[in-house]
Amino acid sequence: MTTKAGTSVPEPSTDHRPAPWVRTRLRSAPVAALLMAALTLVTVFLAAAFPRAADRGADDALRRFVHDRGVNVTSLHATTKASPEARAADLDAVRDRMVERIGQELTLTRDGEQVGTRAKAGHPMLNDGYDRPNLLPPGLNLVYLQGLAEHATLVDGGWPGAPGDGPLPIVVSQQAAETIHIKVGDLVDNGESLRGQARTKVVGIYRPDDTADRFWDAIDCPERACLVVNSEGAASWRTTGFAGGDGRSALLAWGNGGEDFWRLPLDPHALRADRLTATRTSLGSFMTGPGASSIVAATGRPDLHVVSFMPEVFTWAIARYEAAAPLAAIGPVGVAGVAAVVLCLAAALTGDRRTAEVRLLRARGGSRTGILLRLLGEGAVAVLPAAVLATTLALVLLPTPRWGAAVLAALATALLAVLAFPVRAAVLLSGPRGAGGRRRVVGELAVLAVTVAAVAEVRHRGVAPAGTGLDPLLITAPLLLALTGGLLLARIQPLVIGRLAALAGRGRGLVGFLGLARAARDTAGRRRPSALPLLALLLAVTTAGFGATVLDGVDNLRLRAARVSVGGDAAVGVPISTTLPEAFTTAAAALPGVRAATGIWIENQTFILGTDRGATQATTVVVEPAAYAEIARTVGLGRFDPAVLAGAPGGPDTPVPALFSAGLAKQLSGGPYRLRTPNGGELLTTVAATVTDTPAIPDAVNAFVVLPAGPATARLPELKRMNNWLAVGDVDPGRLRALFAEHGMGEAVGMAKRLRDEATAASHDPGGVPVGYKVRTSREAAAELAADPLQRSAGRLFWAAIAAGAGFALLAVMLTLLRAAPDRAALLARLRTMGLRPRQGLALIIAETIPQTLAAAVGGGLVAAAAAGLLGPAVDLSALVGAKVDEGLGAALLPVLLPTAGLTLLVVVGVVLETVVTGRRQIATELRVGDQ
């Protein structure tokens with residue numbers, strides 16, 4: 001267009017360019033977009049982190065479990081008959097060929113590797129002047145071990161070389177030399193071998209650089225002299241000497257032959273829980289399969305034989321992992337349910353805020369599909385970057401080779417976060433539908449039917465068999481119970497709160513009545529639907545209560561298993577050839593914390609005469625009845641009334657009442673019966689009662705008889721001895737061991753000085769008890785069971801799930817308060833104009849919100865207790881206990897009450913804080929509406 005002045009004027013454009021939808025919407029509500037991104041970041045991170053944490057826990061537990069078995073168990077052991085003509089260097093060549101072949105499928109480590117030759121037989125050391133505890137000469141084993149000089153330091157003399165025509169040169173450890181009185185240069189008389197006189201010469205004395213080094217494992221006493229107690233109670237020393245590589249031929253002659261051996265340890269750090277089955281298959285192949293044939297072909301040794309304990313270890317590890325996995329998954333699955341509810345609540349809040357906008361777009365001609373696609377794109381821009389960042393953080397912060405489950409969980413969570421609001425908007429655009437109440441009833445009945453079917457199936461068949469993966473019914477059954485409980489509570493809650501509101505209306509105050517009345521309207525769905533926050537809190541409480549019940553049941557069963565294995569809370573035993581002094585049993589019974597204690601005589605070689613077999617071998621247990629009855633009651637084995645063992649006074653022909661094992665009692669006919677001891681003594685006894693087991697011999701499989709000490713020893717004095725002591729109570733293990741060393745060990749063994757010096761200290765257990773003797777407590781046994789990393793991993797996962805569930809439950813309540821904030825602020829503003837004081841307004845908000853919170857907490861606690869009671873018999877806790885247990889999970893009040901109260905307190909505090917911080921500001925804002 002041109003004007004008269006010749007000036008050009010641009011014509012207005014007729015093209016319509018709408019503003020970019022996503023950018024415009026994000027600019028108009030940046031806070032909402034950022035909050036949604038933050039919620040997505042946290043939720044997706046947890047969704048991806050839980051599978052990664054479970055995988056890391058399973059791998060760490062497996063590696064710790066395998067490592068704790070010891071290098072001798074976690075290795076492949078290859079042996080062949082030693083040839084005198086072979087050289088020491090040939091052993092390295094065979095080792096390299098085996099490692100090359102095995103390393104193609106399994107990861108090996110040099111840590112703990114052994115290569116060498118061992119003599120077939122050991123010989124005594126008959127030299128005068130060598131220490132002989134019970135007039136028995138010390139024993140000597142001989143080994144050639146490659147790399148000895150790299151793990152030990154010479155103290156005196158030199159390393160052994162070629163023997164020549166003389167005796168075989170060897171080295172022994174410094175502690176063994178000091179204990180047995182061996183010196184460098186000693187010509188040791190080893191008695192006779194198949195080839196005549198066997199002699200060795202001590203040319204050096206060494207000290208191990210590290211006695212805990214796995215290099216020394218499975219070698220008989222290489223760093224010290226061991227005190228060996230034979231079946232008759234006689235003690236003697238034994239140690240291992242080492243020959244040089246040039247003396248292999250002489251070593252084989254000295255030991256009447258021998259074998260070459262290779263120990264190839266598996267690397268525990270390379271093991272993965274998800275590949276255990278494949279690893280076990282590969283390992284088995286090298287023992288009896290194609291792998292074994294390939295090793296024989298590679299080494300050229302046709303008699304090469306490979307064995308390992310690892311297949312059994314892997315089988316056990318797989319069983320433990322598969323048994324613990326469903327229990328560990330219950331917590332994360334519960335958190336997933338709570339998180340899903342929170343995402344739906346966020347979508348509902350956004351829908352409430354934008355209902356008018358969405359319907360206006362539809363009224364102005366926008367297509368339903370177009371609107372939903374725009375909302376989907378808007379949500380994707382806020383959600384997807386946060387989801388990608390959260391997934392990346394989980395993968396980086398929790399490294400593990402497996403990533404599939406974590407990525408799938410993150411993807412599912414991100415999809416839910418993206419689709420939640422568009423689905424809500426689709427419902428808004430669909431308009432009202434009829435018969436809503438009928439559909440709700442049908443849906444609730446369907447959920448109830450599925451829950452009943454799942455619980456019945458779990459109780460009927462138990463946990464899914466091992467090897468079938470996670471049991472979906474066992475994992476989802478608690479959640480289905482929580483869902484059913486939430487639906488039931490949603491039906492009951494309006495009636496209860498309405499009744500409370502009616503009662504409050506009879507009083508003079510209006511705040512309580514008004515708050516309860518508004519709560520009743522909320523729960524009845526007359527103002528805003530409230531099933532989602534109720535369900536979120538109920539799911540969180542149920543998950544926390546059920547998880548706490550599992551952990552508490554594990555602790556109780558672990559203590560019981562420890563007591564059963566020990567026979568009480570404390571047990572002391574000595575070999576049958578010795579006796580416990582009365583001074584020790586008296587002092588031990590007086591230790592602080594001991595509730596009941598008794599000295600016990602256990603004799604395995606007694607016979608019951610007069611059975612249907614003529615004579616039946618049985619184990620005799622002589623106890624003090626009252627104390628032993630208390631021990632049996634505490635342990636839960638062989639409970640009986642001590643009155644049944646009250647022996648009547650009389651002569652030798654008066655029968656002594658006794659407890660008979662149930663199996664032995666079935667062989668009896670009539671009575672009384674004669675009990676004959678190994679020394680020929682006889683005692684007349686009769687059946688006072690029968691029991692199936694007894695604490696003194698908790699793993700007894702043979703027949704046994706329990707006799708009262710007083711009547712039995714009065715008629716047969718030889719039974720007045722004690723080789724065991726049992727007690728129940730809180731016994732300090734350190735004080736008990738010190739007391740045993742002070743009163744028991746020296747007198748019982750008769751070697752107090754020798755057992756206390758430095759040389760023999762290494763032949764004791766960590767508590768200072770010599771080989772052949774025992775001092776055990778249930779506290780220590782339970783701690784050993786609880787040290788299992790698999791149990792600790794499952795426990796950590798449970799507590800993490802409880803914490804995450806509590807956080808999401810609190811967030812659900814906060815979203816609910818935020819959702820109701822506009823109506824609440826308007827009401828309070830109107831009431832303020834009618835004279836409502838600020839404190840009364842805050843009290844009104846609390847009265848409105850707390851009843852629903854308390855109802856959800858109580859309902860969740862009841863559902864958790866019901867889940868434990870209904871599903872408990874089908875739950876096998878053996879994997880988490882660390883020992884085989886027959887009992888399932890039982891319902892308990894305290895484990896459910898504590899997390900329920902904690903979650904309730906957390907939510908109540910959150911509600912109060914939110915009310916105090918934002919309530920007054922909302923009221924003031926509403927009162928200032930129209931001031932402009």
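The model shown is predicted, which means the values in this text are computed figures rather than measured ones.

A.B. asks: What's the story with the overall build of the protein chain in this structure? I'm lost.
C.D. replies: A count of helical and extended segments in the protein chain gives 27 helices and 21 strands. Here the protein chain holds 932 residues, and 49% of them are scored as buried. Contacts spanning at least 24 positions in sequence make up 81% of the contacts within the protein chain whose residues lie at least 6 apart. Carbon and sulfur atoms make up 59% of the accessible area of the protein chain, which amounts to about 42900 Å² in all.

A.B. asks: Looking at this model, I keep getting lost on the pairing of strand S4 (residues 139–145). Mind explaining?
C.D. replies: A regular strand places its side chains so that they alternate between the two faces of the sheet. Burial of S4 is extensive: six of the seven residues sit out of reach of the surface. By the bridge criterion, three bridges tie strand S2 (residues 114–119) to S4 in an arrangement that is antiparallel. By the bridge assignment for S4, Gly116 is matched with Leu145. Across two bridges, strand S3 (residues 123–124) lies against S4 in antiparallel orientation. Looking at S4, one finds that Pro124 is bridged to Gly139. For S4 and strand S10 (residues 235–243), the ladder comprises six bridges, and the chain directions are parallel. Paired with Tyr144 across the bridge in S10 is Ala243.

A.B. asks: For this particular structure, what's the right way to read unusual backbone geometry?
C.D. replies: You will see that Cys221, though not glycine, has its phi angle at about 55°, which is positive. For Cys221, the position within the fold is in the loop between strand S8 (196–208) and strand S9 (226–229). By relative accessible area, Cys221 is classed as buried at 7%. For Asn256, which is not glycine, the phi dihedral falls at a positive 55°. Classification of Asn256 as partly exposed rests on a relative accessible area of 24%.

A.B. asks: Before we go on, may I ask you to explain the state of the cysteines in this structure?
C.D. replies: Disulfide: a covalent bond formed between the sulfur atoms of two cysteine residues. One pass over the structure, following the stated rule, counts one disulfide. Residue pairing for Cys221: its cysteine sulfur links by disulfide to Cys226, the two sulfurs lying 1.8 Å apart. Residues Cys221 and Cys226 are joined through a disulfide that is left-handed, its torsion about the S-S bond being -120°.

A.B. asks: Any chance you could explain the pattern of salt bridges here in plain terms?
C.D. replies: If charged atoms from side chains of opposite charge come close, those side chains can pair. Using the criterion set out here, one finds 24 salt bridges in the structure. A salt bridge links Arg402 to Asp274, with the shortest nitrogen-to-oxygen separation between them at 2.6 Å. Of this pair, Arg402 sits in the loop between helix H10 (368–397) and helix H11 (404–430) while Asp274 sits in the loop between strand S11 (258–265) and helix H7 (276–287); the two residues are 128 residues apart in sequence, bridging distant segments of the chain. Asp730 is the salt-bridge partner of Arg779, the closest N and O atoms lying 2.6 Å from each other. With Arg779 in helix H23 (residues 778–786) and Asp730 in the loop between strand S20 (724–729) and helix H20 (733–749), the pair connects residues that are 49 residues apart, well separated along the chain. Residue Arg779 is classed as partly exposed on the basis of its relative accessible area of 42%. Sharing partners across several salt bridges, the network here consists of Asp55, Asp59, Arg272, Asp274 and Arg402.

A.B. asks: Hey, could you run me through the side chain of Glu223 in this one?
C.D. replies: Along the chain, Glu223 falls in the loop between S8 and S9. At 2.4 Å, the side chain of Glu223 forms a polar contact with the side chain of Arg224. Excluding residues within four positions of it along the chain, Glu223 makes contact with Ser173, Gln175, Tyr206, Pro208 and Thr211.

A.B. asks: Would you take a moment to explain helix H2 (residues 30–68) for this structure?
C.D. replies: Structural remark: α-helix, 3.6 residues per turn; residues separated by three or four positions point the same way. Across its 39 residues, H2 extends 55 Å between first and last C-alpha, which sits within 8% of the 57 Å expected from 1.5 Å per residue. The largest bend in H2 amounts to roughly 25° and is located at Ala49, with the proline Pro51 lying one to four residues further along. Gly70, located one to two residues past H2, shows a positive phi value of around 95°.

A.B. asks: When you look at the pairing of S11 in this model, what are you seeing that I'm missing?
C.D. replies: Most of S11 sits out of view: seven of its eight residues are buried. Direction of pairing for S2 relative to S11: antiparallel, over a ladder of six bridges. By the bridge assignment, Gln114 is partnered in S11 with Arg263.

A.B. asks: Could you clarify how one ought to interpret the packing of aromatic side chains in this entry?
C.D. replies: Each aromatic ring pair is summarised here by two numbers: the centre-to-centre distance and the angle between the ring planes. Tallied over the full model, the rule gives nine aromatic pairs. Aromatic pair Phe65 and Trp316: ring centres 5.4 Å apart, planes at 85°, arrangement edge-to-face. Note that Phe65 is positioned in helix H2 and Trp316 in helix H9 (residues 310–363), a separation of 251 residues in sequence. Here Phe65 falls in the buried class, since its relative accessible area comes to 6%. Exposure remark for Trp316: the relative accessible area of 48% places this residue in the partly exposed category. Ring centres of Phe584 and Trp725 lie 6.1 Å apart, and the angle between their planes is 70°; on these two criteria the pair is classed as edge-to-face.

A.B. asks: What is the right way to look at the nonpolar core in this model?
C.D. replies: One broad rule of soluble globular proteins: the nonpolar side chains tend to lie buried together. Core analysis: the biggest nonpolar cluster contains 76 residues, and Leu539, Phe546, Val550, Leu877, Leu880, Val881 and Leu889 have the highest contact counts within it. When residues no more than four places from it in sequence are discounted, the contact partners of Leu539 are Gly337, Val338, Val341, Leu479 and Ala482. The next biggest cluster of nonpolar side chains, apart from the first, holds 55 residues, and it includes Leu142, Ala198, Leu227 and Leu251.

A.B. asks: What should I look at first to understand a nonpolar patch on the surface in this one?
C.D. replies: A surface patch of nonpolar side chains, about 560 Å² in accessible area, is lined by Leu408, Leu411, Leu415, Leu419, Val423 and Val427. Along the chain, the position of Leu411 falls in helix H11. Judged by relative accessible area, which is 46%, Leu411 ranks as partly exposed.

A.B. asks: For this particular structure, what's the right way to read the packing of H7 against helix H8 (residues 290–299)?
C.D. replies: A pair of packed helices is characterised by two quantities: the angle between their axes and the separation of those axes. Running from N to C, H7 and H8 cross one another at 50°; their axes reach a closest spacing of 4 Å. In terms of axis orientation, H7 runs oblique to H8. Seen from above, H7 lies across H8 with right-handed handedness. Counting all contacts with H7, which are made through Ser285, Phe286 and Met287, the residues of H8 involved are Pro290, Gly291, Ala292 and Ile295.

A.B. asks: What's the story with the confidence of the model for the protein chain in this structure? I'm lost.
C.D. replies: Interpreting fine coordinate detail is not advised for predicted regions of low pLDDT. Chain-level statistics for the protein chain give a pLDDT mean of 79 and a share of 85% at 70 or above. Here helix H22 (residues 758–761) is the element of the protein chain with the lowest mean pLDDT, 34, and strand S6 (residues 168–173) is the one with the highest, 92. The model gives residues 746–771 a pLDDT under 50, and that stretch makes 46 contacts with residues more than four places away or in other chains.

A.B. asks: What should I look at first to understand H7 in this one?
C.D. replies: Under the 1.5 Å per step criterion, the end-to-end length of H7 is 17 Å for twelve residues, consistent within 8% with the ideal 16 Å. If you check which residues of H7 are buried, you get Leu276, Thr279, Ser282, Leu283, Ser285 and Phe286. Buried residues in H7 make contact with H2, strand S1 (75–81), helix H3 (88–102), H8, strand S12 (305–307) and H9.

A.B. asks: What is the right way to look at the packing of H9 against helix H15 (residues 531–566) in this model?
C.D. replies: Interhelical geometry of H9 versus H15 gives an angle of 165° and a closest axis separation of 9 Å. Of the possible angle classes, the one that applies to H9 and H15 is roughly antiparallel. Along this stretch, H9 crosses H15, giving a crossing that reads as left-handed. Contact with H9, carried on its side by Ile330, Gly331, Gly334, Gly337, Val338, Val341, Cys344 and Leu345, involves Leu532, Pro533, Leu535, Ala536, Leu539, Ala540, Thr543 and Phe546 of H15 and no other residues of that element.

Definitions and cut-offs
Residues numbered from 1 in each chain as written. Predicted model: local features only at pLDDT ≥ 70, side-chain atom pairs only at ≥ 80, totals over all residues. Heavy atoms only, no water. Helix = DSSP H or I, 4+ residues; strand = E, 2+ residues; numbered from the N terminus. Buried < 20%, exposed > 50% of the residue type's maximum accessible area, 1.4 Å probe, protein only. Contact = heavy atoms within 4.5 Å. Areas by Shrake-Rupley, 256 points an atom, 1.4 Å probe, with all protein chains shown as cover. Pairing = 2+ DSSP bridges. Disulfide = S-S within 2.5 Å. Salt bridge = Lys/Arg side-chain N within 4 Å of Asp/Glu carboxyl O. Polar contact = N/O pair within 3.5 Å; in protein donor to acceptor, adjacent residues only side chain to side chain. Expected span 1.5 Å × (residues − 1). Bend = angle between axes of the 7 residues up to and from the residue. Phe/Tyr/Trp six-rings, centres within 6.5 Å; stacked < 30°, edge-to-face > 60°. Core = buried A, V, L, I, M, F, W, Y, C linked by side-chain atoms within 4.5 Å. Patch = residues over 30% accessible without salt bridge, like charges linked within 9 Å, V, L, I, M, F, W, Y side chains within 5 Å. Axes fitted to C-alpha atoms, helices over the stretch in contact; angles between N-to-C directions. Parallel < 35°, antiparallel > 145°, perpendicular 65-115°, else oblique. Left-handed = near helix turned anticlockwise from the far one by under 90°. pLDDT = per-residue confidence, 0-100.

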